[in-house]
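Results of the structural survey
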Amino acid sequence: MTLDFGSAGDRDVWIADKLFKPVATMKAAEATLDLPVAGGKQDRIFVWDRKTGNLASKSIGGLGPVWKLQPSDYSVAGRVVVRVVHEGAPVAVAFVTLKDAGGERESQIDPSKKGEAEFYGIKPGALDITVRYNVKGADAEPVKQSVVLNPKRSQPDQVYEVSLTEDVQTVEAGMEGANPGSGKTSGTSMKAGAENDNSKGGSVIGNVLIYVLGLGIAGAGIYFGLRYMKDNQEKVAEQLKKVGVQIPDPQDPAQQDPGPAPVPIPPAPPQKIILDDADPNVPVAGVAPVIPSAAISQPSLVMENGDVFPIPEGETVVGREATCGLALVAESTVSRRHAVLSRQGSSLTVRDEGSSNGTYLNGVKIAADTVLRPGDQVQFGQARFRFEA
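Quick look at the structure, then. (Residues numbered from 1 in each chain as written. Predicted model: local features only at pLDDT ≥ 70, side-chain atom pairs only at ≥ 80, totals over all residues. Heavy atoms only, no water.)

A word on the nonpolar core
- Residues V96, I129 and V131 are the most contacted members of the largest nonpolar core, which totals 24 residues.
- Elements represented by at least two residues in this core include exactly strand 8 (76-86), strand 10 (94-100), strand 12 (116-122), strand 13 (125-132), strand 16 (143-149) and strand 17 (158-163).
- Considering each element in turn, this core owes the most residues, four residues, to strand 8.
- Excluding residues within four positions of it along the chain, V96 makes contact with V82, V84, R105, E106, S107, I109, A117, F119, I129, T130 and V131.
- L328, L361, L372 and F380 belong to the second largest nonpolar core, which has 19 residues in total. (Core = buried A, V, L, I, M, F, W, Y, C linked by side-chain atoms within 4.5 Å. Buried < 20%, exposed > 50% of the residue type's maximum accessible area, 1.4 Å probe, protein only. Helix = DSSP H or I, 4+ residues; strand = E, 2+ residues; numbered from the N terminus. Contact = heavy atoms within 4.5 Å.)

Structural data, given as structure tokens:
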């Protein structure tokens, strides 16, 4: 298929079954592009004009051998960023919901996102932004903001900033260079409540000097106290007897060193009982086998630390309750009954059960039964897994 842009320019082109964060894109700088189309008729072609920041897309099944793009085809904004800050510093964790004329989408901010939530393919017009976050472990009142997205913008990537007044956790490490798509250069960020006052340096040094001086005085007191006790052993013993403290007599046989304690003999290891009809592959009860990822022979979820959770046939409930099939007891962002995994042979699907913090597949929040493919990243709250089969 030939794409006719009408003129040269800076564009990204890709094919996908639905809109998502673009990956494996083709650069199209010339006026035309011969695009190899190997997907199904339900797939869509996406063209992102990086100069205007707007995006065009059409179904392959509705196009002929040539797609001559018109300005009206670029009907949505390619990328919209919602930056959430507290006192100018990016927040560490938040959930951002953006609603346009096409519906509602949600994106999660973690420390690696540096306070930014990204959304793709947003329709121009009125937008509603909602930011949900926690303060000291409790849900705070969501912050809502209404904005207008224009199809013609001064910056290709539209950036909206939402400022939180509550004392929330922020990203402490300095961010050098420009944030992607921000058009701004950010210097060192500060944690909420921190003060950037060089005059504090003097008080810090003074506190250190006072601490060191106190240690020296305490050490000198201990040294002279021990010297006095050594030189006046009889006086010290008499004073201790008056207050009821008995000083052991080194000449008393009962106080003599009995010598080294006998070395205990370790007990012999228990004999392994082997039954003739026992299955050697049955694991010990109560001990979950550790399966290296290279030896995975059935659909499994692998945590970031390498722990492997084989998924049995049928339905497996994921949640914070200890009775769940995949129990994430220590994950406070996981609901009691968060999601359900359904396995049929080597096929595995995931369904969110109305959780508070959502279920994500490759960074996109899901709302219905979704099939997992090997290598997919699935996230329950903030617990991340890789699917392997």
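Here we look at the pattern of salt bridges
- Under the criterion given, the structure shown has 19 salt bridges.
- As a salt-bridge pair, K68 and D4 come within 3.3 Å of each other at their nearest N and O atoms. Pair noted here: K68 is in strand 7 (residues 66-68) and D4 is in strand 1 (residues 2-4), with a separation of 64 residues, a long-range link.
- The salt bridge partner of E304 is R384, with a shortest N-O separation of 4.0 Å. With a gap of 80 residues between them, E304 in the loop between strand 18 (300-303) and strand 19 (308-310) and R384 in strand 28 (residues 383-388) connect regions that are remote in the sequence.
- The exposed category is assigned to E304, whose relative accessible area is 65%. (Salt bridge = Lys/Arg side-chain N within 4 Å of Asp/Glu carboxyl O.)

Comments concerning the packing of aromatic side chains
- Scanning the model with the defined rule gives five aromatic pairs in all.
- Each member of the aromatic cluster is reached from another via a ring pair, and the members are W14, F46, W48 and Y120.
- Across from the ring centre of W48, 4.0 Å away, lies the NZ or CZ of R50, which sits over that ring. (Phe/Tyr/Trp six-rings, centres within 6.5 Å; stacked < 30°, edge-to-face > 60°. Lys NZ or Arg CZ within 6 Å of the ring centre and 35° of its normal.)

Section: the sheet that holds strand 1
- Spatial strand order, 4-1-7: three strands in an open sheet with mixed pairing. Of all the strands in the sheet, just strand 4 (32-34) and strand 7 have a single pairing partner and so form its edges. Recorded for the sheet is a direction-independent mean angle of 10° between the axes of neighbouring strands. (Pairing = 2+ DSSP bridges. Axes fitted to C-alpha atoms, helices over the stretch in contact; angles between N-to-C directions.)

With respect to the sheet that holds strand 25 (residues 364-365)
- The antiparallel open sheet is built from six strands, whose spatial order is 19-18-28-27-24-25. Looking at the sheet topology across the chains shown, the edges are occupied by strand 19 and strand 25.

Remarks on unusual backbone geometry
- The backbone of E87 shows a phi angle near 55°, a positive value even though the residue is not glycine.
- The topology assignment puts E87 in the loop between strand 8 and strand 9 (89-90).
- A relative accessible area of 59% places E87 in the exposed class.

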